[in-house]
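Summary of structural features
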Amino acid sequence: MTKPQIVWLRRDLRLADQPALFAAAQAGPVIPVYVLDDAAAGSHAYGGASRWWLHHSLEDLAKSLGKRNSRLILRRGDAVEELTKVAEETGAETIHAIRHYEPWWRKAQGKLAETLDLQLYDGNYLFPAGHVTTGSGDPYKIYTPFSKAILAEMPPRDELPDPEAIQLPDSWPDSDDLADWHLLPTKPDWSGGLHDFWEVGFDAAFDRLNWWQDHVADYDESRNLPSKDGSSRMSPHLHFGEITPVQIWHRFKDKRSQGWKTFEKELIWRDYAQNVICQFPAYAKESYRDGYDDGLWRNPNRGHLIQEDLEAWQRGQTGYPIVDAGMRQLWQTGWMHNRVRMICASFLVKHLLIDWTHGEQWFWDCLVDADYGSNGTNWQWVSGTGVDSNMFVRIMAPLSQSEKFDATGYIREYVPELASLDAPYIHDPEEHGCRPKNYPAKMIGHREARERALAAYRQMKGK
Ligand SMILES: Cc1cc2nc3c(=O)[nH]c(=O)nc-3n(C[C@H](O)[C@H](O)[C@H](O)COP(=O)(O)OP(=O)(O)OC[C@H]3O[C@@H](n4cnc5c(N)ncnc54)[C@H](O)[C@@H]3O)c2cc1C
């Protein structure tokens, strides 16, 4: 009998366009394994919202494997140790896995390859990180040239179908019970809003893709309007690998509308973020530029009190309606509209002068699409601490952003205290003298915050 083939699943919880599963199925009987390894990821072990998604995604995948008489083996602990044990228990010698770029996964991949035959496949991005390089052969640091180089490489690889047959092993290794992992919140169960907002799993991802086919043409105009359902909302499906950007790309390849072209560039941002963490593995934890961490932010070690301000931001109690709507949307649904993510992130690091890593960690815990590469890259981009142009001095004005992108409906939905207000009052009720008593005053005025941020920046730069 051919030796069983282990498929190590991580953020690639699907059957179709799954190169590791496809190759394993051609090589012999398949043992699909998912290992929950919190220790390896350290500060970036999955947060609450991601755990909720993971539970449902694993459940969905196990069900689909079950329909093909196969199983999903669940193990908890050090991924390398657990996979080695499964190999010993089953006589498997080869592990098939999709390549991932998070630093803890790269380390585990290296360690596993020392003792077992680890076959890695590219599967979760349009192109593997490092696929395009500058004229001197280095990886790109900046998005725009990276994006141009990727566009010149299109099309991406062909997509793969579900494996025709998944052979079963003679016997199955032990598996944990998913319920025993306690990935779902219980005391209290705060996940009601997530249930209402999301359908998890690859069928749901394809339902959304079908819907998106009819809407992508409007993306260019509607993606910045938080009151509209104007973006794909496929980020958690993409993060957990329920759908791939390659599948999306091939579905849309004949639609050359401006909306599609803009959308394609967003998919490339996702590839770009992996390209960045491949070069700078600590990117989601440490500023790339020197001087910011000790010199710019308000710092509890220098006697600054930031905790109350941080909590007001987290709870959506800043007195800036668009910021509060965004932070409450995040808390209720595990997702936030992209433009509002930029506004809320900018508010934390510039208006409140709080180190971006506090924001990155809060998003990490609350987002269902929390992604080491994308979250870190975007936080550093907004903060001006990253590899690309310095955005710190470009301070977003939340109140005018709210008017410009007509956030009225969005604010009404997520900040019920303001639901009876019309535009323009709803964007800045304090300024218009109609702030309801149960809605907080602004933590700091926009002009004052702007001047404070610029003064701190000048001081850091020694100007
Ligand atoms: C401070 C901050 C933190 C962020 N953290 C994350 C995160 O942890 N995970 C995450 O997936 N995205 C993150 N983003 C990027 C972006 O906000 C989300 O990808 C997007 O809002 C998801 O919604 P959507 O699926 O409707 O996106 P669409 O607008 O429909 O875009 C399609 C896909 O392209 C990718 N994409 C779009 N914009 C970006 C971007 N700027 N960077 C990387 N990929 C992008 C996503 O996979 C997205 O699903 C962050 C942005 C900011 C400003």
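Keep in mind it's a predicted model, so treat the numbers as computed, not measured. (Residues numbered from 1 in each chain as written. Predicted model: local features only at pLDDT ≥ 70, side-chain atom pairs only at ≥ 80, totals over all residues. Heavy atoms only, no water.)

Considering the pairing of strand 5 (residues 117–121)
Here 5 bridges tie strand 4 (residues 94–98) to strand 5, and the two strands are oriented parallel to one another. Looking at the pairing, Ile-95 lines up with Leu-118 of strand 5. In this view, the connection linking strand 4 to its parallel neighbour strand 5 by way of helix 5 (residues 103–115) has right-handed handedness. (Pairing = 2+ DSSP bridges. Helix = DSSP H or I, 4+ residues; strand = E, 2+ residues; numbered from the N terminus. Right-handed = clockwise from strand over helix to strand, strands pointing away.)

Concerning the domain arrangement of the protein
Along its sequence, the protein is organised into domain 1 (1–123), domain 2 (125–157 + 193–278) and domain 3 (292–461). Computed from C-alpha atoms alone, the centre-to-centre distance between domain 1 and domain 3 is 38 Å. Facing the 14 residues of domain 1 at the interface are 10 residues of domain 3. Across the domain 1/domain 3 interface, buried area totals approximately 900 Å², and carbon plus sulfur atoms make up 57% of it. Looking at the side of domain 1 facing domain 3, the largest losses of area belong to His-44, Ala-49 and Ser-50, adding up to 45% of the total buried there. Our enumeration of links across domain 1 and domain 3 arrives at 1 salt bridge. The residue Asp-371 makes a salt bridge to Arg-11 at a minimum N-O spacing of 3.9 Å. Our enumeration of links across domain 1 and domain 3 arrives at 5 residue pairs in polar contact (both at pLDDT 80 or more). Among the secondary structure elements, those contributing two or more residues to the side of domain 1 that touches domain 3 are helix 3 (48–67) and helix 5. It is helix 3 that provides the largest number of residues to the side of domain 1 that touches domain 3, a total of 5 residues. Of the residues assigned to the side of domain 1 that touches domain 3, the class counts are 7 nonpolar, 5 polar and 2 charged. (Domains from an automatic or database assignment. Contact = heavy atoms within 4.5 Å. Buried area = accessible area lost by both parts, 1.4 Å probe. Salt bridge = Lys/Arg side-chain N within 4 Å of Asp/Glu carboxyl O. Polar contact = N/O pair within 3.5 Å; in protein donor to acceptor, adjacent residues only side chain to side chain. Nonpolar A, V, L, I, M, F, W, Y, C, P; charged D, E, K, R; others polar.)

What to know about the pattern of salt bridges
One pass over the full model with this rule turns up 20 salt bridges. The network of salt bridges with shared partners includes Arg-75, Glu-82, Lys-85 and Glu-89.

Here's the deal with the site of the ligand
Neighbouring the ligand are 27 residues; Tyr-219, Ser-231, Ser-232, Arg-233 and Asn-338 lie closest to it. Between the ligand and Asn-338, the relevant distance is 2.7 Å, taken from an oxygen atom to a side-chain nitrogen or oxygen of the residue. The side chain of Asn-378 places a nitrogen or oxygen atom 3.0 Å from a nitrogen atom of the ligand. Contact with the protein chains covers 97% of the free accessible surface of the ligand, which is 820 Å². Listing elements by their share of the shell around the ligand, those giving two or more residues are helix 10 (235–239), helix 12 (258–279), helix 16 (338–351) and helix 18 (372–383). (Near = heavy atom within 4 Å. Areas by Shrake-Rupley, 256 points an atom, 1.4 Å probe, with all protein chains shown as cover.)

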